[in-house]
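Per-entry structural report
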Amino acid sequence: MKSLLYAVVALASSVSALAPSFAVADTTYPDKPIRLVVPFAPGGGADYSARRFAQPLSDALKQSIIIDNVPGAGGSMGANKVAKAAPDGYTLLYTTPGQQMTAPYLIENLPYDAFKDLRAVSQLTAGTNVLVVNKDFPAQSVQELIDYAKKNPGKVNFASSGIGSTSHLAGELFKKMAGIDIVHVPYRGSALAAADVIGGRIEISIDTLSVYQSHIQSGAVRALGVSTLEPNPIIPDVPPIAKTLDGFEASPVNYISAPGNTPEPIIRKLSEVIIAVASDPTLRETFASTGSKLAGNTPEQMEALVRSEQKRWKEVIDSAGIGVASAK
């Protein structure tokens, strides 16, 4: 009986010791500035979105959000910095599809475990890719493009912002689902790829709407389809590619992730605040003007989306035979 009493007292003491730490994490976090790592150079789409979101998030959390650009190896250098950071909620990652969804299948020596070292917190945006052709290309629709490519195997080129990029994988998915032979031409960034599509040196590209929006409006390129299942309000007359290729979807998802062992109360608080911020009408309108939709969700929902996208893009990468690269 005495030993049982000691065991009960010990257990109660353990619970008491743990309880304050959870309470503190839940009620006082954050009590200092938060570093938001953007795994790309300043000036790009991810950097723009991160900075746009950082201020209202800072206001909601009542702490400064410091943007830390850590480019390199398709975003894996920045992801590694967060994965190896203290799991206290003060170092977060502005995550794009590359760091968790595709990097495990494209980079052979990732310095972090994409399945364990990062914890999904909440989605921020769902972007829109757009399929464009140069203005002299004969196809006026997705179906006409497919028909042309089938009659001219290996003679149609598609530009991307680089091997393994979302624009590359969107093109490979299109190629696979359409059953056509088109040739991938990688560039060092979307701007260079767009320049050659506009200049008529490359026939097609599937990249973010923000890259091609002004060129569509000026007539420098022609938009044939969007990668989302619904039309985008910016270009409402451009139909989803899925109208022709049933089920086609290649919409880049951006979200916040934290080091893998970050305490649950911190993850919950961040998720709740992000969902609240993402529901702000003014901020939604700001992102909508660039073709993106704000979409906060729970950690469980975001984690499920990550796993689903990992499976989907692995199949595309394997089917396309895209070789793995080194992270160094």
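The structure displayed is predicted, hence computed values, not measured ones.

Side note on the packing of helix H2 (residues 45-61) against helix H9 (residues 264-278)
Where H2 contacts H9, the axes come no closer than 10 Å and their chain directions differ by 120°. Overall, the two elements H2 and H9 adopt an arrangement that is oblique. The two elements H2 and H9 cross, and the hand of that crossing is right-handed. Together, Phe-53, Pro-56, Leu-57, Ala-60 and Leu-61 of H2 and Leu-270, Val-273, Ile-274, Val-277 and Ala-278 of H9 make up the contact between the two elements. Of the residues belonging to the contact of H2 with H9, the class tally is ten nonpolar, no polar and no charged.

Describing the pairing of strand S9 (residues 221-226)
The buried count for S9 comes to six of six residues, which makes it a mostly enclosed element. Examined bridge by bridge, strand S5 (residues 129-134) and S9 share five bridges and lie antiparallel to one another. Across the sheet, Val-132 pairs through a bridge with Ala-223, a residue of S9.

Considering the layout of surface pockets
Of the pockets and cavities examined, the largest pocket occupies roughly 1400 Å³. Along the wall of the largest pocket there are 49 residues; nearest its centre are Phe-40, Ser-161, Ser-165, Thr-166 and Ser-190. Of all the elements in the fold, those that place two or more residues in the lining of the largest pocket are H2, helix H4 (97-106), helix H6 (166-178), helix H7 (190-198), strand S8 (204-208) and helix H8 (209-218). A per-class count over the lining of the largest pocket returns 19 nonpolar, 27 polar and three charged. For the second largest pocket, the calculated volume is near 470 Å³. Along its surface, the second largest pocket is lined by 23 residues, and Ala-126, Gly-127, Thr-128, Thr-228 and Lys-293 are the ones closest to its centre. Those elements giving two or more residues to the lining of the second largest pocket turn out to be strand S4 (118-126), helix H10 (281-288), strand S11 (293-294) and helix H11 (299-320). Among the elements that line the lining of the second largest pocket, the one with the most residues is H11, at three residues.

Examining unusual backbone geometry
Omega for the bond connecting Tyr-29 with Pro-30 falls within 30 degrees of zero, at -5°, which places this linkage in the cis form. With respect to the secondary-structure elements, Pro-30 resides in the loop between helix H1 (2-28) and strand S1 (34-38). Even without being a glycine, Ala-73 presents a positive backbone phi close to 55°. With respect to the helices and strands, Ala-73 occurs in the loop between strand S2 (65-69) and helix H3 (76-83). Residue Ala-73 is classed as partly exposed on the basis of its relative accessible area, which comes to 30%.

Section: the sheet that holds S9
Read from one edge of the open sheet, five strands run S7-S6-S8-S5-S9, paired in mixed fashion. Two strands bound the open sheet, and with one partner strand each, they are strand S7 (182-186) and S9. The sheet shows a mean angle of 30° between the axes of neighbouring strands, taken without regard to direction. As judged from the five bridges shared by S5 and S8, these two strands associate in the antiparallel manner. Within the sheet, the bridge partner assigned to Val-133 lies in S8 and is Ile-204.

Re the packing of aromatic side chains
Taken as a whole and assessed by the stated rule, the structure comprises three aromatic pairs. With a centroid separation of 5.2 Å and an interplanar angle of 65°, the aromatic rings of Tyr-29 and Tyr-90 are classed as edge-to-face. Of this pair, Tyr-29 sits in the loop between H1 and S1 while Tyr-90 sits in the loop between H3 and strand S3 (91-95); the two residues are 61 residues apart in sequence, bridging distant segments of the chain. For the ring pair Phe-137 and Tyr-148, a centre distance of 4.9 Å and an interplane angle of 70° mean the geometry is edge-to-face.

Thoughts on the sheet that holds S4
Overall, mixed pairing links the six strands, which are arranged S2-S1-S3-S10-S4-S11 in an open sheet. Of all the strands in the sheet, the pair left with one neighbour each is S2 and S11. Alignment of S4 against S11, held across two bridges, turns out to be antiparallel. Note on S11: the bridge partner recorded for Thr-125 is Leu-294. Strands in contact with H3 are S1, S2, S3, S4 and strand S10 (253-259); relative to S3, the strand with the most contacts, it is inclined by about 150°. Packed onto the sheet, H11 meets S4 and S10 and runs at close to 90° relative to S4.

About the thresholds
Residues numbered from 1 in each chain as written. Predicted model: local features only at pLDDT ≥ 70, side-chain atom pairs only at ≥ 80, totals over all residues. Heavy atoms only, no water. Axes fitted to C-alpha atoms, helices over the stretch in contact; angles between N-to-C directions. Helix = DSSP H or I, 4+ residues; strand = E, 2+ residues; numbered from the N terminus. Parallel < 35°, antiparallel > 145°, perpendicular 65-115°, else oblique. Left-handed = near helix turned anticlockwise from the far one by under 90°. Contact = heavy atoms within 4.5 Å. Nonpolar A, V, L, I, M, F, W, Y, C, P; charged D, E, K, R; others polar. Buried < 20%, exposed > 50% of the residue type's maximum accessible area, 1.4 Å probe, protein only. Pairing = 2+ DSSP bridges. 1 Å grid on protein atoms, 1.4 Å probe; cavity = no way out; pocket = protein on both sides within 12 Å on 5 of 7 lines; lining within 4 Å. Points joined across faces, edges and corners; volume = space filled by probe spheres on them. Phe/Tyr/Trp six-rings, centres within 6.5 Å; stacked < 30°, edge-to-face > 60°.

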